[in-house]
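# Per-entry structural report
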Amino acid sequence: GIACGLATAVLLRVARMDHSAEHDAAQHAHFNVPELGLYLICAYVPFLIATAVSMSGIVAVMFAGITMRHYAHYNLTRTTRELFLPTVELLASLCET
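Residues numbered from 1 in each chain as written. Predicted model: local features only at pLDDT ≥ 70, side-chain atom pairs only at ≥ 80, totals over all residues. Heavy atoms only, no water.

## Re the confidence of the model for the chain
Predicted coordinates in regions of low pLDDT should not be interpreted in detail. Residues at a pLDDT of 70 or more form 84% of the chain, whose mean pLDDT is 81. Ranking the elements of the chain by mean pLDDT puts helix H1 (residues 2-15) last, at 83, and helix H3 (residues 57-72) first, at 88. (pLDDT = per-residue confidence, 0-100. Helix = DSSP H or I, 4+ residues; strand = E, 2+ residues; numbered from the N terminus.)

## A few points about the packing of H1 against helix H2 (residues 33-52)
At a minimum axis separation of 10 Å, H1 and H2 run at an interaxial angle of 160 degrees. With respect to each other, H1 and H2 are oriented roughly antiparallel. Seen along the crossing, H1 lies across H2 with a hand that is right-handed. Along the contact surface, H1 presents Cys 4, Thr 8, Leu 11 and Leu 12, while H2 presents Glu 35, Leu 38, Tyr 39, Cys 42, Val 45, Pro 46 and Ile 49. A breakdown of the residues in the contact of H1 with H2 according to their chemical character gives nine nonpolar, one polar and one charged. (Axes fitted to C-alpha atoms, helices over the stretch in contact; angles between N-to-C directions. Parallel < 35°, antiparallel > 145°, perpendicular 65-115°, else oblique. Left-handed = near helix turned anticlockwise from the far one by under 90°. Contact = heavy atoms within 4.5 Å. Nonpolar A, V, L, I, M, F, W, Y, C, P; charged D, E, K, R; others polar.)

## As for the environment of Asn 32
Looking at where Asn 32 falls in the secondary structure, it is placed in the loop between H1 and H2. The exposure class of Asn 32 is buried, given its relative accessible area of 1%. Distance from Asn 32 to Leu 83, taken between C-alpha atoms, is 9.7 Å for residues 51 residues apart in sequence. (Buried < 20%, exposed > 50% of the residue type's maximum accessible area, 1.4 Å probe, protein only.)

## Observations concerning the packing of aromatic side chains
The full count for this structure, using the stated rule, is two aromatic pairs. For the pair Tyr 44 and Phe 47, a centre-to-centre distance of 5.8 Å together with 25 degrees between the ring planes defines the contact as stacked. One end of the pair is Tyr 44 and the other is Phe 47, both in helix H2 and three residues apart, which spans about a single turn. On the basis of relative accessibility, which here comes to 47%, the residue Tyr 44 falls in the partly exposed class. With relative accessibility at 29%, the residue Phe 47 sits in the partly exposed group. (Phe/Tyr/Trp six-rings, centres within 6.5 Å; stacked < 30°, edge-to-face > 60°.)

This is the structure we're talking about:
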C-alpha cells in the first residue's frame, strides 16, 4: 500500500496533467478529469495487488490512502484537490445506499 501511494505521488508530480500553469488559475476554472481518474484508479490498485498475492486488500488500501493523502494529494492541481474530497464522499454515499 505504501509503495503504491508513493508511486502515485511520483506519477502525479512527473505527469503534471494540468492544462495551464498554476498561476493561471483564473482561466483554469474546470477540474481535470484524467487527473482525478488516475488518482482514483491508483487508490484501487493496492487492493488488487494485495488480493492477488493473498494478503489483506483493506489494509493495503488503508496504508495507500494514508500515504497518498500525505504525499500525492498535494501534487494535484488546486481545483482538482478541492473537488476530490466531495467526489469521494459522493461515491461513498452512492455505494452505501
